[in-house]
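One-letter residues, chain by chain:
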Amino acid sequence: MIEFEHVSKTYETHNDENVALDDINIQIDDGEFVFILGHSGAGKSTFLKLIQMEEKPTKGRVIINGQDLTKMKRRKVPYLRRQMGVVFQDFRLIPTMTVYENVAFAMRVTNIPTKKIKSRIPYVLSLVGLEDKMDRLPDELSGGEQQRVAVARALAHGPKLIIADEPTGNIDPEMSLDIMQLFEAINKVNITVVVVTHEHELVHKLARKYNNRVIELANGMVASDTSHPEVARRYAARMAERENGYDDYEDYDDEE
Ligand code: ADP
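First, a word on what this report is: a plain description of the structure on this page. Counting from 1, residues in each chain are numbered in the order their sequence is written. Whole-chain, interface and lining totals are the exception, using all residues; otherwise, since this is a predicted model, local features are given only for residues with pLDDT of at least 70 and side-chain atom pairs are given and counted only at 80 or more. Side-chain descriptors were evaluated using all non-hydrogen atoms of the structure, hydrogens and water having been removed beforehand.

Some words on the nonpolar core
Then step 1. Membership of the largest hydrophobic core comes to 43 residues, with the highest contact counts inside it found for Val 103, Leu 125, Phe 183 and Ile 186.
Then step 2. Elements are defined by DSSP. Helices are runs of H or I of four residues or more, strands are runs of E of two residues or more, and each kind is numbered from the N terminus. Elements with a minimum of two residues in this core: β3 (33-37), α3 (99-108), α4 (114-127), α5 (143-155), β7 (161-165), α6 (173-188), β8 (192-197) and α7 (200-210).
Then step 3. Once residues lying within four places of it in the same chain are set aside, the contact partners of Ile 186 are Val 151, Leu 155, Ile 162, Ile 191 and Val 193.
Then step 4. Residues belong to one nonpolar core when they are buried, are Ala, Val, Leu, Ile, Met, Phe, Trp, Tyr or Cys, and are joined through side-chain atoms within 4.5 Å. Exposure categories follow from relative accessible area, calculated using a 1.4 Å probe and restricted to protein chains: below 20% of the type maximum is buried, above 50% is exposed, and the middle band is partly exposed. Core analysis: the next-biggest nonpolar cluster, separate from the first, contains 29 residues, Ile 2, Leu 21, Met 53 and Val 62 among them. Residue contacts are counted whenever heavy atoms from the two residues lie within 4.5 Å of one another.

This is the structure we're talking about:
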């Protein structure tokens, strides 16, 4: 479970202060699939950095699986990070390593025994549909396939939480839908999924189809959160309004 209790984060710059998050209260339960949606500068990256303890809140508490990160010792941070799998916008694959080696390398650094690595890689690659491409190098794959490798790598050590930072930022629109549906499938096997993105139209389309929770950040605050029935109702009304106005993601309707 992820809990943000009255969390604020202010960055000090050489001549100013930037309020990135302003008194945020969010609770994400185990097994949820949540989109954190917001325009550039809304505070999305800061939200993810706080979860991974790359930054500390200026005020308030961040609690992950019952552990209060504001009280956590530095040396415990690697254990915290092992409880999650992270997917990045730019994939972060090692270009000289094959698909198999990329996943194996990530497992080796967390001290997983070789035998377990050998048995688990075909499984995680089959989850992302890439078992027949394990000997390819990253640049021999499409952007969408590279992101699938990154998802397999994030799953390799068996985390119960996957966080994705703009996972579709570097891939085609059709592949973007594909990757989001992959997260949907991952969530079905009881892994909590938190996807941070600025792609409003894609999220609205998916959330309507799969009923995902959408938390919208704006100016460091929670602008809306569809987990609350009243907010969900207003959100649905707004979506319907948008629908009547324009719809530039027609391609995404093909499976409905
Ligand atoms: P997003 O990921 O939604 O684009 P961020 O969390 O990166 O938003 O940023 C939120 C606000 O905090 C922005 O105004 C940004 O300029 C500011 N900010 C982010 N990181 C820093 C930093 N290291 N130093 C100063 N200001 C920052």
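Some points on unusual backbone geometry
Then step 1. Phi at Met 53 takes a positive value of approximately 60°, unusual for a residue other than glycine.
Then step 2. By the element assignment, Met 53 lies in the loop between α1 (44-51) and β4 (59-64).
Then step 3. Notably, Phe 91 is not glycine yet its phi reads approximately 65°, a positive angle.
Then step 4. Judged by its relative accessible area of 10%, Phe 91 falls in the buried class.

Side note on the sheet that holds strand β5 (residues 67-68)
Then step 1. Strands pair, by our definition, only if DSSP identifies at least two bridges between them. Spatially, the four strands line up as an open sheet ordered β2-β1-β4-β5, and their pairing is antiparallel. Every other strand in the sheet has two partners, leaving β2 (17-28) and β5 as the edge strands with one partner each.
Then step 2. Note: strand β1 (residues 2-12) against β4, five bridges, orientation antiparallel. Across the sheet, the residue bridging to Glu 5 is Arg 61, located in β4.

Examining the environment of Arg 61
Then step 1. Relative to the elements of secondary structure, Arg 61 occurs in strand β4.
Then step 2. Considering only alpha carbons, one finds Arg 61 and Phe 105, 44 residues apart in sequence, at a separation of 34 Å.
Then step 3. Excluding its chain neighbours within four sequence positions, the residues that come into contact with Arg 61 are Glu 3, Phe 4, Glu 5, Val 7, Asp 68, Thr 70 and Lys 71.
Then step 4. Polar contacts involving the side chain of Arg 61 include one to the side chain of Asp 68, which spans 3.2 Å. Whenever a nitrogen or oxygen atom comes within 3.5 Å of another N or O atom, the pair is scored as a polar contact, on the condition that within protein one atom can donate a hydrogen and the other can accept it, and that pairs from neighbouring residues in sequence are kept only if both atoms are in side chains.

What about α4?
Then step 1. Given the number of residues in a helix, its expected span is that number minus one, multiplied by 1.5 Å. For α4, built from 14 residues, the straight-helix expectation of 20 Å at 1.5 Å per residue is met to within 8% by its first-to-last C-alpha distance of 20 Å.
Then step 2. To get the bend at any residue, fit one axis to the seven residues that end at it and another to the seven that begin at it, then take the angle between the two axes. The largest bend along α4 measures about 30° and falls at Arg 120, with the proline Pro 122 one to four residues further on.
Then step 3. On its buried face, α4 is in contact with α3 and α5.
Then step 4. The first or second residue beyond α4 is Gly 129, which carries a positive phi of 75°.

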